[in-house]
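Residue strings, one per chain:
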Amino acid sequence: LRDCQRPAFAEVAPYAPPRGGKKIEAHSIRFVEAALRSYGNVDVQTPTLYEDEDKVIVRCSVTDLETNATYATDHTIRKVIERREAKDRDVLGERVNSEGKRIFLVRPTDDELMQKIGSIVSRAIRTNGLRILPGDVVEECKTKIYETLRNRDAKDPDAARKQIADAFAGVGVMPS
C-alpha cells in the first residue's frame, strides 16, 4: 500500500491489455513484483527445463513458503521472432499479417531471444504471483493506486494537461 501511494509507481501499476477489442483492467508485472516483495517469504523460480536448436522450455513457479502453495506453468518458447525485413537474417519462414503485409520468421539473436524469454517469464510470474497474493489486498492496492493518480492530477493539473498533450503529440496530434 505504501508503494501505491507513490505517483511514479501508481503510473506503472495498472495494465490494460486489449482483449476482444476492449481493454480489461489488470495489474502490471511491476505491480506484482513489488507486491510479492512486500508480501515476503515467496520463492520465484524460472529454470530452463529443456533447450535445443528450435525451442526452450522454461518452468515458472511461485511458491508461498508459509503455506507451501505453489503455482507453476511450463512455457515452450520457439526460437523464432517476426520481422518486417529479413536483411542479413536467417529466414525460417514467412507469413502475411492482418494488414496483408509480408512478415518474416527469423532466427533471433541471443539478445532478442533473451528478451523474448524474459517477457514470457515476466508474464508467467505476474499470473502465478496473483494467485499467491490475497485478493482483498490486491483490490485494496488497486483502489489506492487510482486514488493516488486522481490526487496527483488534482494537485498539479498543469502537469496532467502537459502529459496528455505530450501523448497526443507522440502520435502526431499537436496541441493546436
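Refer to the structure presented above.
These remarks concern the structure in this document. These figures come from a predicted structure and were not determined experimentally.

Concerning the environment of Arg-95
Residue placement: Arg-95 occurs in strand β10 (residues 91-96). C-alpha of Arg-95 to C-alpha of Val-44: the two residues are 51 residues apart in sequence and 36 Å apart in space. In contact with Arg-95, not counting residues within four places along its chain, are Glu-82, Lys-101, Arg-102 and Ile-103. There is a polar contact of 2.8 Å between the side chain of Arg-95 and the side chain of Glu-82.

Description of unusual backbone geometry
A positive phi is found at Asn-68, a non-glycine position, where the angle reads about 65°. Examined against the element boundaries, Asn-68 turns out to sit in the loop between β7 (55-64) and β8 (69-78). Residue Asn-68 is classed as exposed on the basis of its relative accessible area of 59%. In this structure, Asp-88 takes a positive phi of about 60° despite not being glycine.

Details of the pairing of β7
Buried residues dominate β7, accounting for eight of its 10 residues. With four bridges joining them, strand β5 (residues 42-45) and β7 adopt antiparallel strand pairing. Following the sheet pairing, Val-42 is matched in β7 by Asp-64. As consecutive antiparallel partners, strand β6 (residues 48-51) and β7 are separated by three residues. Relative to β8, β7 runs antiparallel, the two being bridged by 10 bridges. Opposite Ser-61, over in β8, you have Ala-72 as the bridge partner. Hairpin connection of β7 to β8: four residues between the antiparallel strands, including Asn-68 at a positive phi of 65°.

Some details on the sheet that holds strand β11 (residues 102-106)
Reading across the sheet, the three strands line up as β9-β11-β10 and stay open at both edges, with antiparallel pairing between neighbours. In the strand order of this sheet, the two ends are held by β9 (81-83) and β10, each with one partner. Across the sheet, the mean angle from the axis of one strand to that of its neighbour is 35°, orientation sign disregarded. Judged from the three bridges that link them, β9 and β11 form a sheet pairing that is antiparallel. Residue pairing in the sheet places Glu-82 in a bridge with Leu-105 of β11.

Re a nonpolar patch on the surface
A contiguous nonpolar surface patch, about 400 Å² in accessible area, is contributed by Ile-164, Phe-168, Val-171 and Val-173. In this structure, Val-173 sits in the segment after α5 (157-170).

A few points about the packing of aromatic side chains
Per the stated rule, a full pass over the model turns up one aromatic pair. The interplanar angle of 35° and the centroid separation of 6.4 Å between the aromatic rings of Phe-9 and Phe-31 together place this pair among those described as tilted. One end of the pair, Phe-9, is in helix α1 (residues 7-12); the other, Phe-31, is in helix α2 (residues 29-39), and 22 residues separate them in sequence. Across this residue pair, the class does not change: Phe-9 and Phe-31 are buried.

Overview of the nonpolar core
Ranked by internal contacts, the top residues of the largest apolar core, which has 26 residues, are Phe-31, Ile-117 and Ile-145. Contributions of two or more residues to this core are made by α1, α2, β7, α3 (110-132) and α4 (135-155). With seven residues, the top contributor of residues to this core is α3. For Phe-31, the contacting residues outside a window of four places in its chain are Cys-4, Phe-9, Ala-13, Val-138, Cys-141 and Ile-145.

The rules behind each value
Residues numbered from 1 in each chain as written. Predicted model: local features only at pLDDT ≥ 70, side-chain atom pairs only at ≥ 80, totals over all residues. Heavy atoms only, no water. Helix = DSSP H or I, 4+ residues; strand = E, 2+ residues; numbered from the N terminus. Contact = heavy atoms within 4.5 Å. Polar contact = N/O pair within 3.5 Å; in protein donor to acceptor, adjacent residues only side chain to side chain. Buried < 20%, exposed > 50% of the residue type's maximum accessible area, 1.4 Å probe, protein only. Pairing = 2+ DSSP bridges. Axes fitted to C-alpha atoms, helices over the stretch in contact; angles between N-to-C directions. Patch = residues over 30% accessible without salt bridge, like charges linked within 9 Å, V, L, I, M, F, W, Y side chains within 5 Å. Areas by Shrake-Rupley, 256 points an atom, 1.4 Å probe, with all protein chains shown as cover. Salt bridge = Lys/Arg side-chain N within 4 Å of Asp/Glu carboxyl O. Phe/Tyr/Trp six-rings, centres within 6.5 Å; stacked < 30°, edge-to-face > 60°. Core = buried A, V, L, I, M, F, W, Y, C linked by side-chain atoms within 4.5 Å.

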